[in-house]
Amino acid sequence: MKTIDFDAFQVVQESFTTKEAIDEAKRCLNCKVPSCRKGCPINNNIPEFIHQLSKGNLGGAMAIINETSNLPAICGRVCPHEKQCEGHCIFAKKGNPIQIGRLESFIADFDTEMNLLREKLPQKSRGKVAVIGSGPAGLTVAGDLARQGFNITIFEGQNEPGGVLMYGIPEYRLPKTVVRAEIEKIAALGVNFVTNSLIGENGVTVDSLFARGYDAIFMGTGTAVPHNMDDVPGANLRGVNQATYLLHNVASYNDGAIGREMVPLKPGERVGIIGGGNVAMDAARTAIRLGGDVTVIYRRKQEDMPAIQKEYEEALNEGVKFVWESSVIEFIGNDRNRLTAIRVKDNDGEHIEPCDRIFMAIGSRPANRIVSTTDGIEVDDKGYVIVNERPYGMTTRRGVFAGGDVVHRPQTVVLAMKAAKAVAQGIAQYVDAVKLLEEIS
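What comes next is a walk through the structure. (Residues numbered from 1 in each chain as written. Predicted model: local features only at pLDDT ≥ 70, side-chain atom pairs only at ≥ 80, totals over all residues. Heavy atoms only, no water.)

Let us look at the pattern of salt bridges. Within the structure shown, the criterion is met by 22 salt bridges. When the shortest N-O distance is used, the salt bridge between Arg173 and Asp282 registers 3.0 Å. In this pair, Arg173 is assigned in the loop between helix 9 (164–167) and helix 10 (176–188) and Asp282 in helix 13 (residues 278–289), connecting sequence segments 109 residues apart. Among the residues examined, Arg173 registers a relative accessible area of 10% and is labelled buried. Taken together, the shared-partner salt bridges in this structure form one network comprising Arg173, Asp282, Arg285, Arg289, Glu311, Glu314 and Glu318. (Salt bridge = Lys/Arg side-chain N within 4 Å of Asp/Glu carboxyl O. Helix = DSSP H or I, 4+ residues; strand = E, 2+ residues; numbered from the N terminus. Buried < 20%, exposed > 50% of the residue type's maximum accessible area, 1.4 Å probe, protein only.)

Here is the structure:
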């Protein structure tokens, strides 16, 4: 079997050189009312870090970013900037906004490469918090609370932290070296990581964590269970898989953890991707790099597609085909139970298309592993955790908090971070209040 061409997975957009970054930063008008900052979900002080960069003060720029973001090298690469900061830039009206994302990732990468001095941190004496899950929400809560003097331990079910950042976003969009470097910075804040620890299995539960002396627990477990199409005939045929399965296996192969035979796509195969979100775009662009003949099948119009516009445009440029207002109503197989074609329904009726592989990217939902092993955590009819406004993010079980996709449905990295930052404040308020009551009682 052919191996994967690793060059095909190289980063699509290269980083700025130092001169390019400073020249781009000098374009910023440092607006009196910075609309770019209003467009940032976590309220990064964009004009000020760009101003520091324009003066060549990269340490100062990094310090300003650290006030609001724990994952700048990641956000700078994967955020939908055209809808957020860059889309609100005054220059966006002329089609030439400041390239804020690239400037942010440049500063973060420089900080990593130069190993700049870290900020002074308080003693970890304010409280003890367990964080379940090391995706964007978990890392954000951990980083924010560690900076405020909390002793934090992150429990991760995989053998390496990072969650969707490590296993769900392709290498060409987010290099794993970048994710690992950001996680090392979180660890440098005094955060402890326990991997291969799946809470809710093997007797490790929320109750057992409380028994270990944790003052609060945060659930940042995301939506680990993808939706399927079991109601469609032939959905169990070999060759019908989840898009996340493809992305996870390719990431593992690129890391050398599995062999090429475990990657579920061969060069030349006809591949259908069902869905129109960012996961669908990642799967389609990955399948193209693996040598597939790739078509995205989406049930609505192009303008209704939730994927980032830039990702759609780059998928088009790379050779991905799209069919709109179309639904797969049957998977057709041969006598070996192998997918060979799909029946598609569109505005012109029904027709059969040859197909060797289907990857579904139609959304996901939370796993119930933690909820089913813990009394008192209520969920809605879709399995999403119900949380309170005061203290923000606390579930119906006292001391247990939740945030990110497990509460708010699947969102972008930065929106998960936004919610997690608010929950971190709720956890701090809760732990402080409990300890005060213990002192005066």
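This brings us to helix 7 (residues 100–114). Working note: α-helix, 3.6 residues per turn, so residues spaced by three or four point in the same direction. The terminal C-alpha atoms of helix 7, which comprises 15 residues, lie 21 Å apart, in line with the 21 Å expected from a rise of 1.5 Å per residue. Immediately downstream of helix 7, the backbone of Asn115 shows phi near 50°, a positive value. (Expected span 1.5 Å × (residues − 1).)

On the secondary structure map, Cys31 appears in the loop between helix 1 (18–26) and helix 2 (35–38). By relative accessible area, Cys31 is classed as partly exposed at 29%. Sequence separation between Cys31 and Ile90 is 59 residues, and the spatial gap between their C-alpha atoms is 8.6 Å.

A few words now on the pairing of strand 1 (residues 127–132). Counting buried residues in strand 1 gives five out of six residues, a clear majority hidden from the surface. Bridge analysis of strand 1 against strand 2 (residues 150–155) gives six bridges, and the strand direction is parallel. In the sheet register, Ile132 faces strand 2, and the bridge partner there is Phe155. Taken together, the four bridges between strand 1 and strand 4 (residues 216–219) define a ladder with parallel strand orientation. (Pairing = 2+ DSSP bridges.)

Across all of its chains, the model carries seven aromatic pairs by this definition. Ring centres of Tyr298 and Trp324 lie 6.4 Å apart, and the angle between their planes is 90°; on these two criteria the pair is classed as edge-to-face. Here the residue Tyr298 occupies a position in the loop between strand 8 (293–297) and helix 14 (309–318), and Trp324 occupies one in the loop between strand 9 (321–323) and strand 10 (327–333), the gap between them amounting to 26 residues. On the basis of relative accessibility, which here comes to 7%, the residue Tyr298 falls in the buried class. Ring centres of Tyr312 and Phe322 lie 4.8 Å apart, and the angle between their planes is 80°; this geometry places the pair in the edge-to-face category. Of this pair, Tyr312 sits in helix 14 while Phe322 sits in strand 9, and the two are 10 residues apart along the sequence. (Phe/Tyr/Trp six-rings, centres within 6.5 Å; stacked < 30°, edge-to-face > 60°.)

Overall, parallel pairing links the five strands, which are arranged 6-13-7-8-9 in an open sheet. Each edge of the open sheet carries a strand with a single partner, namely strand 6 (240–242) and strand 9. The average undirected angle you get between the axes of adjacent strands in this sheet is 25°. The sheet contact formed by strand 7 (residues 270–274) and strand 8 spans five bridges and is parallel. Residue pairing across strands places Gly272 opposite Thr295, the latter belonging to strand 8. Packing of helix 13 onto the sheet brings it into contact with strand 7, strand 8 and strand 9, and relative to strand 8 it is tilted by some 165°. (Axes fitted to C-alpha atoms, helices over the stretch in contact; angles between N-to-C directions. Contact = heavy atoms within 4.5 Å.)

Attention now goes to the pairing of strand 8. For a regular strand, side chains alternate in direction, first toward one face of the sheet and then toward the other. For strand 8, a buried count of four out of five residues is recorded, marking the element as mostly surrounded by other parts of the structure. Taken together, strand 7, helix 13 and strand 8 constitute a β-α-β crossover, and its handedness is right-handed. One ladder, built from three bridges, connects strand 8 with strand 9; its direction is parallel. Each residue of the ladder has a partner; that of Thr295, found in strand 9, is Lys321. Read as a crossover between parallel neighbours, the route from strand 8 over helix 14 to strand 9 is right-handed. (Right-handed = clockwise from strand over helix to strand, strands pointing away.)

This brings us to helix 13. Taking 1.5 Å as the rise per residue, helix 13 with 12 residues should run 16 Å; its terminal C-alpha atoms sit 17 Å apart, in good agreement. Summarising burial for helix 13: 10 of the 12 residues are buried, a large majority. Within helix 13, burial applies to Ala280, Met281, Asp282, Ala283, Ala284, Arg285, Thr286, Ala287, Ile288 and Arg289. In the stretch just after helix 13, Gly291 is the one whose phi turns positive, near 95°.

Here we come to the nonpolar core. Ranked by size, the top nonpolar core spans 67 residues in total, and within it Phe49, Leu53, Ile74, Leu145, Ile152, Leu165 and Ile427 carry the most contacts. If one sorts the elements of this core by residue count, helix 17 (residues 413–440) sits on top with 11 residues. Non-local contacts of Leu53, meaning those with residues more than four positions away in its chain, are made with Ala21, Ile22, Ala25, Leu58, Ala61, Leu103, Phe106 and Ile107. Core analysis: the second largest hydrophobic core is formed by 26 residues, Val271, Ala284, Val294 and Ala361 among them. (Core = buried A, V, L, I, M, F, W, Y, C linked by side-chain atoms within 4.5 Å.)

Right, let's talk about the sheet that holds strand 4 for a bit. The strand order 3-2-1-4-15 describes an open sheet built from five strands, whose pairing is parallel. Each edge of the open sheet is held by one strand with a lone partner, namely strand 3 (192–194) and strand 15 (400–402). With direction set aside, neighbouring strand axes in the sheet form an average angle of 25°.

Let us look at the environment of Leu121. For Leu121, the location among the structural elements is in the loop between helix 7 and strand 1. With 278 residues separating them in the primary sequence, Leu121 and Gly399 have C-alpha atoms 25 Å apart.

So, about the packing of helix 13 against helix 14. The packing of two helices is summarised by the inter-axis angle and the distance between the axes. Two elements in contact, helix 13 and helix 14, have axes separated by 10 Å at closest approach and are oriented at 20°. Of the possible angle classes, the one that applies to helix 13 and helix 14 is roughly parallel. As helix 13 packs across helix 14, the resulting crossing turns out to be left-handed. Of the residues in helix 14, those touching helix 13 at Met281, Asp282, Arg285, Ile288 and Arg289 are Glu311, Tyr312, Glu314, Ala315 and Glu318. (Parallel < 35°, antiparallel > 145°, perpendicular 65-115°, else oblique. Left-handed = near helix turned anticlockwise from the far one by under 90°.)

Shape descriptors only; they carry no functional weight alone.
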